[in-house]
Amino acid sequence: MEIPVIDFSKLDGPQRAETMAAIAAGFEDVGFFQLVNTGIPDELLERVKKVCSDSYKLQEQGFKESNPVVKALAELVEKEGEGLAPRKIENLDWEDVFTLHDDLPWPSNPPSFKETMMEYRKELKKLAEKMLGVMEELLGLEEGHIKKAFTNAGDFEPFYGTKVSHYPPCPRPDLVNGLRAHTDAGGLILLFQDDRFGGLQVKLADGRWVDVQPLENAIVINTGDQIEVLSNGRYKSAWHRILATRDGNRRSIASFYNPARLANIGPATTPAAGEGTADYPSFVFSDYMEVYVKQKFSAKEPRFAAMATPTNK
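Worth saying up front: this structure is predicted, and the values here are computed from it rather than measured. (Residues numbered from 1 in each chain as written. Predicted model: local features only at pLDDT ≥ 70, side-chain atom pairs only at ≥ 80, totals over all residues. Heavy atoms only, no water.)

1. Some details on the overall build of the protein chain
Note the following rule: Note on conventions: DSSP H or I runs of at least 4 residues are helices, E runs of at least 2 residues are strands, and numbering of each starts at the N terminus. Only C-alpha atoms enter the radius of gyration; for comparison, a globular chain is expected to reach 2.2 Å times N to the power 0.38, where N is the number of residues. Throughout this description, buried means an accessible area under 20% of the type-specific maximum (1.4 Å probe, protein chains only), exposed means over 50%, and partly exposed covers the range between. Whether two residues are in contact is decided by their heavy atoms: any pair within 4.5 Å suffices. Here, Shrake-Rupley sampling with a 1.4 Å probe gives the accessible areas, and only protein chains in the shown set may cover a residue. Positive: Lys, Arg. Negative: Asp, Glu. His and the chain ends are not part of the count. All charge positions are set by atom: Lys at NZ, Arg at CZ, Asp at CG, Glu at CD.
Looking only at helices and strands, the protein chain has eight helices and 15 strands in total. In summary, the protein chain has a C-alpha radius of gyration of 20 Å against a globular reference of 20 Å for 313 residues, a match within 12%. Taken along the three principal axes of its C-alpha coordinates, the protein chain extends 60 × 50 × 40 Å. In the protein chain, which comprises 313 residues, the proportion classed as buried is 51%. A separation threshold of at least 6 residues defines the contact pool for the protein chain, and within that pool the share at least 24 residues apart is 80%. Carbon and sulfur atoms make up 52% of the accessible area of the protein chain, which totals about 14,700 Å². Measuring between centres, the 37 positive side-chain charges of the protein chain sit 3 Å from its 47 negative side-chain charges.

2. Overview of the environment of Lys 126
Inspection of the secondary structure assignment puts Lys 126 in helix α4 (residues 113–139). The spacing of Lys 126 and Gly 39 is 87 residues in sequence and 9.9 Å in space, taken between C-alpha atoms.

3. Re the pattern of salt bridges
Stated formally: Whenever Lys or Arg places a side-chain nitrogen within 4 Å of a carboxyl oxygen from Asp or Glu, that contact is recorded as a salt bridge.
Under the counting rule described, the total for this entry stands at 21 salt bridges. Residue Lys 147 is joined to Glu 129 by a salt bridge in which the shortest nitrogen-to-oxygen separation is 3.3 Å. Of the two residues, Lys 147 sits in helix α5 (residues 145–150) while Glu 129 sits in helix α4, which places them 18 residues apart along the sequence. Residues Lys 300 and Glu 228 are paired through a salt bridge, measuring 2.7 Å at the closest nitrogen-oxygen approach. Placement of the pair is Lys 300 in the loop between α7 (285–295) and α8 (301–307) and Glu 228 in helix α6 (residues 225–230), with a sequence separation of 72 residues. Ionic contacts of the salt-bridge type, sharing partners, join the residues Glu 43, Arg 47 and Glu 119 into one network.

4. Side note on the sheet that holds strand β12 (residues 240–242)
As a reminder of what qualifies: Strands are labelled as partners when DSSP assigns at least two bridges between them. An axis is simply a line fitted to the C-alpha atoms; with a helix, the fit covers only the stretch in contact. Between two such axes, the angle follows the N-to-C directions and lies from 0 to 180 degrees.
Ordered in space as β7-β12-β9-β10, the four strands form an open sheet in which the pairing is antiparallel. For this open sheet the edge positions go to β7 (179–182) and β10 (209–211), each flanked by a neighbour on one side alone. Here the average twist between neighbouring strands, direction ignored, is 20 degrees. In this structure, strand β9 (residues 200–203) lies alongside β10, joined through three bridges in antiparallel fashion. Among the inter-strand pairings, Gln 201 is bridged to a residue of β10, identified as Asp 211.

5. Let's talk about the packing of aromatic side chains
For clarity, the threshold we go by: Here a Phe, Tyr or Trp ring, Trp counted by its six-membered ring, pairs with any other such ring whose centre lies within 6.5 Å, and the pair is stacked when the planes are under 30 degrees apart, edge-to-face when over 60, and tilted otherwise. Here, a charge over a ring means that NZ of Lys or CZ of Arg falls within 6 Å of the ring centre while also lying within 35 degrees of the ring normal.
Applying the stated rule across the entire model yields 11 aromatic pairs. With a centroid separation of 6.3 Å and an interplanar angle of 55 degrees, the aromatic rings of Tyr 160 and Tyr 257 are classed as tilted. Residue Tyr 160 is found in strand β5 (residues 159–167), and its partner Tyr 257 is found in strand β13 (residues 250–258); the two are separated by 97 residues along the sequence. By the burial criterion, Tyr 160 is buried, and Tyr 257 matches it. With 5.5 Å between their ring centres and 20 degrees between their planes, Phe 283 and Tyr 288 make a pair best called stacked. By the burial criterion, Phe 283 is buried, and Tyr 288 matches it. The positively charged end of Arg 241 is found above the aromatic ring belonging to Trp 209, 4.0 Å away from the centroid.

6. A closer look at the nonpolar core
Convention followed: Nine residue types can take part in a nonpolar core, namely buried Ala, Val, Leu, Ile, Met, Phe, Trp, Tyr and Cys, and a core is a set of them joined through side-chain atoms within 4.5 Å.
Counting residues in each nonpolar core, the largest one holds 60 residues, and the members touching the most others are Met 117 and Tyr 120. Per-element accounting of this core gives the leading share, 12 residues, to α4. Listed in part, the 17 residues of the second largest apolar core include Ile 3, Phe 32, Leu 204 and Val 220.

7. So, helix α2 (residues 42–66)
Formally: Multiplying 1.5 Å by the residue count of a helix minus one yields the expected span of that helix. Bend at a residue means the angle formed by two fitted axes: the first through the 7 residues ending at that position, the second through the 7 residues beginning there.
Taking 1.5 Å as the rise per residue, α2 with 25 residues should run 36 Å; its terminal C-alpha atoms sit 35 Å apart, in good agreement. The sharpest bend along α2 measures roughly 50 degrees and falls at Gln 59. Residues of α2 that are buried include every one of Leu 44, Leu 45, Val 48, Lys 49, Val 51, Cys 52, Asp 54, Ser 55, Tyr 56 and Phe 63, and no others. Buried residues along α2 sit in contact with α3 (68–81), β4 (96–100), α4, β5, β8 (188–193) and β13.

8. Some points on the UniProt feature "domain: Fe2OG dioxygenase" (unreviewed entry) in the protein chain
How we decide: UniProt positions are given in the numbering used here, feature names are shortened, and annotations may be inferred rather than shown by experiment.
This chain's UniProt record puts "domain: Fe2OG dioxygenase" (unreviewed entry) on residues 158–259. Regarding residues 158–259, the helix share stands at 6% and the strand share at 44%, and the terminal C-alpha atoms are separated by 5 Å.

9. Quick notes on the packing of α2 against α4
Quick note on the threshold: Any angle between 65 and 115 degrees counts as roughly perpendicular, while under 35 counts as roughly parallel, over 145 as roughly antiparallel, and the rest as oblique. By convention the crossing between two helices is left-handed if the near helix lies anticlockwise of the far one by an angle smaller than a right angle, and right-handed if it lies clockwise. When residues are grouped by polarity, Ala, Val, Leu, Ile, Met, Phe, Trp, Tyr, Cys and Pro land in nonpolar, Asp, Glu, Lys and Arg in charged, and all others, Gly among them, in polar.
Axis separation between α2 and α4 bottoms out at 9 Å; the angle between their running directions is 135 degrees. The orientation of α2 with respect to α4, classified from their angle, is oblique. The element α2 and its partner α4 pack so that their crossing is left-handed. Together, Leu 44, Leu 45, Arg 47, Val 48, Val 51, Cys 52 and Ser 55 of α2 and Phe 113, Thr 116, Met 117, Glu 119, Tyr 120 and Glu 123 of α4 make up the contact between the two elements. Classifying every residue of the contact of α2 with α4 gives eight nonpolar, two polar and three charged.

10. With respect to α3
With 14 residues, α3 should cover 20 Å at 1.5 Å per step; its first-to-last C-alpha distance of 20 Å lies within 8% of that length. Buried-residue contacts for α3 involve α2, β3 (89–93) and β6 (176–177). Just beyond α3, the residue with positive phi is Gly 83, at close to 100 degrees.

Structure, rendered in structure tokens:
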């Protein structure tokens with residue numbers, strides 16, 4: 001099975017109904033899908049690829065020399081050479097990463113990095129908010145409901161951050177993960193992944209792991225735990241992981257449109273989002289994140305259950 005690929009340009013034409021149905025199936029059946037023809041200029045996406053790759057080249061040696069996972073893997077391979085059976089590293093990931101946010105310092109090299117990435121983030125934010133509108137329509141929610149929930153009716157700004165990751169060639173991908181399996185904590189995730197090297201996989205409802213195939217200038221969409229709560233379980237956050245590989249240096253640029261820290265999150269009270277019954281607790285997003293950072297790579301159900309305790313009501 002391949003992850004669905006949806007032509008987003010058809011949303012505003014005569015094939016709108018079919019496109020909406022495809023998006024609904026992507027949210028409900030898989031939790032991941034790819035958008036093509038998003039309206040983001042290809043020229044901008046090519047510049048994003050270049051500045052992110054150039055940025056990594058400037059710090060590549062630092063990954064090799066000081067990243068703890070490189071040292072841990074080298075020690076494991078050395079012990080294997082001494083005749084000891086190696087055990088897979090489960091507490092570290094083969095990933096080089098930094099985060100972009102308007103309130104944080106940005107890399108100054110390459111010189112065009114900040115200008116390019118600010119332009120990209122602006123375009124992607126418009127796409128994110130358009131996708132939230134699509135989601136509201138599909139769930140039968142009033143226009144603006146999700147953004148209203150994410151901002152406490154305008155009291156705060158939604159959190160919008162971008163994680164720039166690279167997964168360098170790994171000499172022993174059997175002994176370490178690129179990124180361990182997890183669900184995302186927040187709202188809507190928009191990923192601009194490498195179009196040459198694969199590694200991203202999503203777990204289907206039947207337990208199978210399938211590849212999210214590299215596709216030039218596509219944007220991969222998935223939903224996080226907060227959308228699962230808001231939709232009362234209709235749009236479940238999907239488990240996904242990244243495999244370490246021997247070949248290539250996989251680039252991954254994930255942007256997160258999340259609730260504000262102090263936003264109150266709970267199921268939407270509408271029959272279209274869960275037959276009018278609330279199967280998930282209501283809570284403050286920052287309280288959820290306190291639990292998530294400790295349990296990111298564990299089952300999500302205990303995280304939701306923790307929010308239902310008296311101290312979180």
